[in-house]
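Survey of secondary and tertiary structure
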Amino acid sequence: MSNWMHGRLPWPRLLVVARVVIALVGGYSLAAILSMVAAKYSNLEGRELRSLIYLVFFLLYPIAIIWLFSINSHRKALLATLIANACAWMSLYALDGLS
């Protein structure tokens with residue numbers, strides 16, 4: 001009998017790689033867009049604005065990675081990162097985009 005029949009996954013390493021890709025790419029995208037949203041809300045300019053963007057990004061990126069690894073299911077992690085990124089992009093466009 002195959003491993004599928006006993007409830008084991010055939011390629012557990014592939015699932016780990018998929019989770020890492022979801023966390024890295026989805027977390028990066030989420031942190032980047034949320035730092036742009038924070039920049040839109042701020043009244044800062046120049047160096048202060050760049051510092052704010054860097055600070056927000058480097059605070060949110062590891063939080064997003066930890067959050068995506070804390071979700072038990074791979075599908076739920078993918079769905080969570082897609083929904084979070086979609087909401088962040090919609091909030092940026094609600095603020096009149098990047099202009």
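First things first, this report covers the structure right here in the doc. (Residues numbered from 1 in each chain as written. Predicted model: local features only at pLDDT ≥ 70, side-chain atom pairs only at ≥ 80, totals over all residues. Heavy atoms only, no water.)

1. Things to note about the packing of helix H1 (residues 12–41) against helix H2 (residues 46–70)
Relative orientation of the contacting elements H1 and H2 amounts to 145°, with a least axis distance of 7 Å. At the point where H1 passes H2, the crossing takes the right-handed sense. Of the residues contributing to the contact of H1 with H2, the split by class is 23 nonpolar, 2 polar and 1 charged. (Axes fitted to C-alpha atoms, helices over the stretch in contact; angles between N-to-C directions. Helix = DSSP H or I, 4+ residues; strand = E, 2+ residues; numbered from the N terminus. Left-handed = near helix turned anticlockwise from the far one by under 90°. Nonpolar A, V, L, I, M, F, W, Y, C, P; charged D, E, K, R; others polar.)

2. Quick notes on the layout of surface pockets
Within this model, the largest pocket holds a volume of roughly 160 Å³. Leu15, Ala18, Ile22, Ser73, His74, Arg75 and Leu78 together form the lining of the largest pocket. At the level of elements, H1 and helix H3 (74–94) are the ones that each hand at least two residues to the lining of the largest pocket. Each residue belonging to the lining of the largest pocket can be placed in one class, and the counts come to 4 nonpolar, 2 polar and 1 charged. (1 Å grid on protein atoms, 1.4 Å probe; cavity = no way out; pocket = protein on both sides within 12 Å on 5 of 7 lines; lining within 4 Å. Points joined across faces, edges and corners; volume = space filled by probe spheres on them.)

3. Some details on a nonpolar patch on the surface
Together, Val16, Val17, Val20, Val21, Leu24, Val25 and Phe69 give the surface a local cluster of nonpolar side chains, amounting to about 590 Å² of exposed area. Ranked by the residues each element gives to the nonpolar patch, the list is headed by H1, at 6 residues. Following the sequence through the fold, Val25 ends up in helix H1. (Patch = residues over 30% accessible without salt bridge, like charges linked within 9 Å, V, L, I, M, F, W, Y side chains within 5 Å. Areas by Shrake-Rupley, 256 points an atom, 1.4 Å probe, with all protein chains shown as cover. Salt bridge = Lys/Arg side-chain N within 4 Å of Asp/Glu carboxyl O.)

4. Description of the nonpolar core
Core analysis: the biggest nonpolar cluster contains 10 residues, these being Ala23, Ala31, Ala32, Phe57, Tyr61, Ile65, Leu68, Ile71, Ala77 and Ala80. For this core, the secondary structure elements donating two or more residues are H1, H2 and H3. Discounting residues that sit within four places of it in the chain, Ile65 has contacts with Ala23 and Leu24. Ranked by size, the runner-up nonpolar core spans 7 residues in total, among them Val37, Ala64, Ala84 and Ala88. (Core = buried A, V, L, I, M, F, W, Y, C linked by side-chain atoms within 4.5 Å. Buried < 20%, exposed > 50% of the residue type's maximum accessible area, 1.4 Å probe, protein only. Contact = heavy atoms within 4.5 Å.)

5. Some details on the environment of Leu92
Structurally, Leu92 can be placed in helix H3. A residue is classified by how much of its surface remains accessible, and Leu92, at 0% relative accessible area, is buried. Distance from Leu92 to Ala38, taken between C-alpha atoms, is 9.5 Å for residues 54 residues apart in sequence.

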